[in-house]
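# Coordinates in review
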Amino acid sequence: MTKKIAVLAGDGIGPEIVAEAVKILEALRAEGLDISLEYGLVGGAAYDETGTPLPDATLSLAKSADAILLGAVGGYKWESLDISVRPEKGLLGLRSELNLFANLRPAILYPQLADASTLKPEVVSGLDLMIVRELTGGIYFGQPRGIRVLENGEKQGFNTLIYRESEIERIAKVAFEIAGKRQGRVCSVDKANVLESTELWRETVTTVAEDYPDIQLSHMYVDNAAMQLVRAPKQFDVMVTTNMFGDILSDCASMLTGSIGMLPSASLDENSKGMYEPIHGSAPDIAGENIANPLATILSVAMMLRYTLNEPVLADRVELAVSRVLDQGLRTADIHSEGMQKVSTSEMGDAVIAAL
Ligand code: NAD
């Protein structure tokens, strides 16, 4: 059956980088991949047209699609808008409306780009880790929350870190399944020595692990995990953690690679429907100049092929094509170094197609 892909380019460099990723999808379709592409508005672009960052038409397109390819949202133009209609609301709305609870963020350092990291090449060269972050629960969504005024007139801010067993079970399963396709190791990150909600996290992950006897499970406190990520990141295969810890650790892990323009992500629901997007933002400072790096978005297509479309061979091909263009010395401005050939966004996309 034809798989429907919703393409939401968004703002800033979004349309430029998504155009290159769409070229890859179109090339694979021409070879026989059974997909259809439908386009929709999201973020600031949607606000300008319709007065909301997530129009009903986009939400129903996203709901009816098998996978969503998203560029990025946001920009200077919309910063003064009320928070309820800011571009980022479009993204958060999609995540929660589609129940995309599992955020997969690989941090891979291509050997060709080992110099891009701020860490020593021997610490990061060959790095290939996957952070699995719970995305729809925890302290970012827990109630009650707010800022209240105490009896003495002082203000007090409060949030609630809350997790149900079922929420922990489903994210743990995703992590174990992914580890089964990789090196077979899961490190669960918590703060079980201080926070009861993550004591339950540790207990539940340990129980889920009984169904995965081939996977090696370890536990680590989040403070130690942050330290280990910069000390010896290659010790990790898959890390699974809560929404807030994952937010922080995945940004830290992405910077081990030094190149924000290279990293894809996936957000999945219980049926492996997913939204695929680069981890970077809309880069308004370079929008419209045809200099943005499209590789994170192209690698997001590889993740879509692997996790939603169930086409691991095609996913490998796309990733190999990216590696080949790096071997050829082609670099967009953000990853350019001496002796390499500087190329534009569209030239990079064309080179990946040629390598494919
Ligand atoms: P950003 O990721 O957009 O940019 C940070 C820096 O990295 C900039 O100098 C930018 O030019 C550069 N950069 C990012 N992607 C690049 C690429 N593909 N190629 C080359 N260089 C690249 O983060 P920011 O500047 O903090 O945010 C800009 C806007 O993006 C804001 O409105 C923010 O809210 C939004 N944002 C959106 C998302 C998303 O859509 N998922 C994520 C983060 C930020």
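Definitions and cut-offs
Residues numbered from 1 in each chain as written. Predicted model: local features only at pLDDT ≥ 70, side-chain atom pairs only at ≥ 80, totals over all residues. Heavy atoms only, no water. Helix = DSSP H or I, 4+ residues; strand = E, 2+ residues; numbered from the N terminus. Buried < 20%, exposed > 50% of the residue type's maximum accessible area, 1.4 Å probe, protein only. Contact = heavy atoms within 4.5 Å. Pairing = 2+ DSSP bridges. Core = buried A, V, L, I, M, F, W, Y, C linked by side-chain atoms within 4.5 Å. Salt bridge = Lys/Arg side-chain N within 4 Å of Asp/Glu carboxyl O. Disulfide = S-S within 2.5 Å. Domains from an automatic or database assignment. Buried area = accessible area lost by both parts, 1.4 Å probe. Polar contact = N/O pair within 3.5 Å; in protein donor to acceptor, adjacent residues only side chain to side chain.

The next thing to look at is the environment of Arg182. Turning to its location among the elements, Arg182 is positioned in the loop between α6 (165-180) and β8 (185-190). By relative accessible area, Arg182 is classed as partly exposed at 25%. Excluding its chain neighbours within four sequence positions, the residues that come into contact with Arg182 are Asp128, Leu129, Met130, Asp237 and Val238.

With burial as the criterion, each face of strand β10 (residues 238-241) is covered, one bearing Val238 and Val240 and the other bearing Met239 and Thr241. Pairing of strand β5 (residues 128-134) with β10, which is carried by four bridges, proceeds in the parallel orientation. Each bridged residue has a counterpart across the sheet, and for Ile131 the counterpart in β10 is Met239.

Next up on the list: the nonpolar core. By size, the foremost hydrophobic cluster in this structure holds 67 residues, and its most contacted members are Leu104 and Val132. Of all the elements, helix α10 (residues 295-307) adds the most residues to this core, at nine residues. Setting aside anything within four residues of it in sequence, one finds Val132 in contact with Asn103, Leu104, Ile171, Val174, Ala175, Ile178, Val238, Met239, Val240 and Thr241. Among the nonpolar cores identified, the runner-up in size contains 20 residues, and Leu129, Ile131, Val222 and Leu229 belong to it.

Within the structure shown, the criterion is met by 18 salt bridges. Note that Glu38 and Lys4 form a salt bridge whose closest N and O atoms lie 3.7 Å from each other. Taken together, the residues Glu38 in strand β2 (residues 35-40) and Lys4 in strand β1 (residues 3-10) connect sequence positions 34 residues apart. Overall, the relative accessible area of 34% leaves Glu38 in the partly exposed class. Close ionic contact of Lys77 with Asp48 constitutes a salt bridge, the shortest N to O distance being 2.6 Å. With a gap of 29 residues between them, Lys77 in the loop between β3 (67-72) and α4 (87-97) and Asp48 in helix α2 (residues 44-50) connect regions that are remote in the sequence. Lys77 gets classed as exposed once you look at its relative accessible area, which sits at 59%. Note on Asp48: relative accessible area 40%, which makes it partly exposed. Via salt bridges that share partners, Glu20, Lys23 and Asp350 belong to a single interconnected network.

Inspection of the entire model under this criterion finds zero disulfides. The thiol of Cys187 is not disulfide-bonded; the next cysteine sulfur, from Cys252, is found 14 Å away. When its relative accessible area of 26% is taken as the criterion, Cys252 is described as partly exposed.

A few words now on the domain arrangement of the protein chain. You'll often see interface size given as the accessible area lost when the parts meet. When the domains of the protein chain are assigned, the result is domain 1 (1-106 + 260-356) and domain 2 (118-134 + 163-257). Taking the mean C-alpha position of each, domain 1 and domain 2 sit 25 Å from one another. With twelve residues of domain 1 at the interface, the matching set in domain 2 holds 14 residues. In total, about 1200 Å² of surface goes out of reach between domain 1 and domain 2, with carbon and sulfur atoms giving 57% of it. On inspection of domain 1 and its partner domain 2, the count reaches two salt bridges. Taking the shortest distance from any N to any O, the salt bridge between Arg105 and Asp251 comes out at 3.0 Å. For the pair domain 1 and domain 2, the interface holds four residue pairs in polar contact (both at pLDDT 80 or more).

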